[in-house]
Amino acid sequence: MMEEPLFSVAVPATTANFGPGYDSVGMALSLYMTVDVRESVEWNVHYDGEEYADLPTDDTNLIIRTIQDVAGRYGKEIQPHALHITSDIPLGKGLGSSATAIAAGIEIANELLGLSLTPQEKVQIGSENEGHADNVVAALLGGVTVAYFVADELEVVQLPQPAIGVVILVPPNVLKTTESRGLLPRELPHSVASAGNAASNVMLTAIALGDWKLAGKMMEKDVFHEQYRKPLLNDFDHIRTACHEMGAYGMTISGAGPSIFVAVKEGTQEEIAKRLETEFPHYKTIAIAPSPIGSTIKKKPASQ
Ligand code: HSE
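Residues numbered from 1 in each chain as written. Predicted model: local features only at pLDDT ≥ 70, side-chain atom pairs only at ≥ 80, totals over all residues. Heavy atoms only, no water.

Colleague: Would you explain the domain arrangement of the protein chain in this entry?
Modeller: Interface size, as often reported, equals the accessible area lost upon joining of the parts. Domain annotation for the protein chain reports domain 1 (7-159 + 291-298) and domain 2 (164-288). Each of domain 1 and domain 2 was reduced to a C-alpha centroid, and the two centroids are 23 Å apart. Taken together, both faces of the contact between domain 1 and domain 2 bury some 2100 Å²; the carbon and sulfur share is 69%. Together, Phe18, Pro20 and Lys93 form the three largest contributors to the area buried by domain 1 at its contact with domain 2, with a combined 32%. Taken together, the links from domain 1 to domain 2 amount to 12 residue pairs in polar contact (both at pLDDT 80 or more). Mapped by element, the contributors of at least two residues to the side of domain 1 that touches domain 2 are β1 (7-16) and β2 (25-39). Top contributing element to the side of domain 1 that touches domain 2 by residue count: β2, with 5 residues. When its residues are assigned to classes, the side of domain 1 that touches domain 2 shows 13 nonpolar, 8 polar and 2 charged. (Domains from an automatic or database assignment. Buried area = accessible area lost by both parts, 1.4 Å probe. Polar contact = N/O pair within 3.5 Å; in protein donor to acceptor, adjacent residues only side chain to side chain. Helix = DSSP H or I, 4+ residues; strand = E, 2+ residues; numbered from the N terminus. Nonpolar A, V, L, I, M, F, W, Y, C, P; charged D, E, K, R; others polar.)

Below, the structure written as structure tokens:
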């Protein structure tokens, strides 16, 4: 039998953008990755299951690279450890799997090196590693987060826990974030950017006030990325119409895609997920909730 881990880290999946909150807004979801950390003579990573089978298991793995990045920032040497990972988070589907790995790496380094990092330090390191702040901030802090991350200056606000249900539609194909970002124009006219900014402002204020009907409407008024990415998503416009007919608050691309995020009335997510899967069988649906908590550490109980 495998020995008890020294500690375990659980990190939630995230959905980013909420449409016009591009690269700024994130929300943690009740789907988790758990990393058990044990002593070892060399770094190695073991993933349970097929989904993550193709990821590197040596020190080129993103979790280990992040651990080493954190150690380097604080001028510390870190001993190798073995990481055993179980995850419910679909990989490469727009649910923040790389941000989850970065968040896990930060928590593991913090724990192994006794750094006592503050939440602000963790989100700063996470955003610098990820290159944008939306997914990784939500993965570390939980709930709905709004970030300003420009030229390494980071400000973060956490909104009250949203009372909604969530449906995620996951297609079979993977879409790399770099590829999906490559579809976006380098520049936008001022009038277009100000329309996107207005949609995001109203959406976030509505979320803060708990008015999800309005928030859902504004979520669908993105001008920053949706139109450039949606040609890669099967049936996107039909799904939007079906979501409205089913009483959803709103739908948008989850992160860089190719999954779709649907915000629904709390308690209706199972029913709407079933109906969407029947109507759009190309997608697998997941009915979940926002996660109020971000990354957490569970330690081995001290021996008696
Ligand atoms: N904000 C990012 C994007 C999320 O839309 O490209 C994916 O990492």
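Colleague: Before we go on, may I ask you to explain the nonpolar core in this structure?
Modeller: Grouped together as the largest cluster of nonpolar side chains are 68 residues, with contacts concentrated most on Phe18, Val35, Ile63, Leu83, Ile108, Ile168 and Trp212. Here this core takes 9 residues from helix α2 (residues 97-113), the largest share from any one element. The residues contacting Ile168, other than those within four sequence positions of it, are Leu29, Leu95, Ser259, Ile260, Phe261, Lys284, Thr285, Ile286 and Ile288. Judged by nonpolar contacts, the second largest core, of 19 residues, contains Leu169, Phe236, Ala248 and Leu276. (Core = buried A, V, L, I, M, F, W, Y, C linked by side-chain atoms within 4.5 Å. Buried < 20%, exposed > 50% of the residue type's maximum accessible area, 1.4 Å probe, protein only. Contact = heavy atoms within 4.5 Å.)

Colleague: For this particular structure, what's the right way to read the site of the ligand?
Modeller: Close contacts around the ligand come from Asn17, Tyr22, Asp23, His132, Asp134, Asn135, Thr177, Arg181, Arg229, Gly255 and Ala256, and that covers them all. Asp23 is positioned with one of its side-chain polar atoms (N or O) 2.5 Å from a nitrogen atom of the ligand. Measuring from an oxygen atom of the ligand, one finds a side-chain N or O atom of Arg181 at 2.6 Å. Considering the ligand on its own, with 260 Å² of exposed area, one finds that the protein chains cover 96% of that surface. Elements with a minimum of two residues in the shell around the ligand: α4 (134-141) and α5 (177-181). (Near = heavy atom within 4 Å. Areas by Shrake-Rupley, 256 points an atom, 1.4 Å probe, with all protein chains shown as cover.)

Colleague: Help me understand helix α7 (residues 212-219), please; the structure alone is not making it clear to me.
Modeller: Three or four residues apart is the spacing at which side chains of an α-helix point the same way, because the helix has 3.6 residues per turn. Turning to α7, its buried residues number three or more, namely Trp212, Ala215, Gly216, Met218 and Met219. Viewed along the axis of α7, the buried residues span an arc of 165°, placing them on a single side of the element. Residues of α7 that are buried make contact with β7 (164-170), α6 (190-209), β8 (250-253) and β9 (260-265). (Arc of directions from axis to C-beta.)

Colleague: How should the packing of α6 against α7 be read in this particular structure?
Modeller: For any two helices packed against each other, one specifies the crossing angle of their axes together with the interaxial distance. At a minimum axis separation of 8 Å, α6 and α7 run at an interaxial angle of 155°. When the axis of α6 is compared with that of α7, the two are roughly antiparallel. The interaxial crossing formed by α6 with α7 has left-handed handedness. Together, Ala199, Val202, Met203, Ala206 and Ile207 of α6 and Trp212, Leu214, Ala215, Met218 and Met219 of α7 make up the contact between the two elements. (Axes fitted to C-alpha atoms, helices over the stretch in contact; angles between N-to-C directions. Parallel < 35°, antiparallel > 145°, perpendicular 65-115°, else oblique. Left-handed = near helix turned anticlockwise from the far one by under 90°.)

Colleague: Is there a simple way to think about the pairing of strand β3 (residues 44-47) in this case?
Modeller: A regular strand places its side chains on the two faces of the sheet in alternate fashion. Side chains Val45 and Tyr47 project from β3 onto a buried face, and the interleaved Asn44 and His46 project onto a face without burial. Bridging between β3 and strand β4 (residues 81-87) involves 4 bridges; their strand directions are parallel. Counterpart to Val45 in the pairing with β4 is Leu83. A crossover links β3 with its parallel partner β4, the connecting element being helix α1 (residues 62-73), and its sense is left-handed. (Pairing = 2+ DSSP bridges. Right-handed = clockwise from strand over helix to strand, strands pointing away.)

Colleague: Sorry if this is basic, but what is going on with the sheet that holds β8 here?
Modeller: Two strands in a sheet stick together by hydrogen bonds in their backbones, pointing the same way (parallel) or opposite ways (antiparallel). Spatially, β8-β9-β7-β10 is the arrangement adopted by the 4 strands of the open sheet, whose pairing is antiparallel. With partners counted over all chains shown, the strands left at the sheet margins are β8 and β10 (284-288), one partner each. The sheet shows a mean angle of 20° between the axes of neighbouring strands, direction not considered. Direction of pairing for β8 relative to β9: antiparallel, over a ladder of 4 bridges. Among the inter-strand pairings, Met251 is bridged to a residue of β9, identified as Val262.

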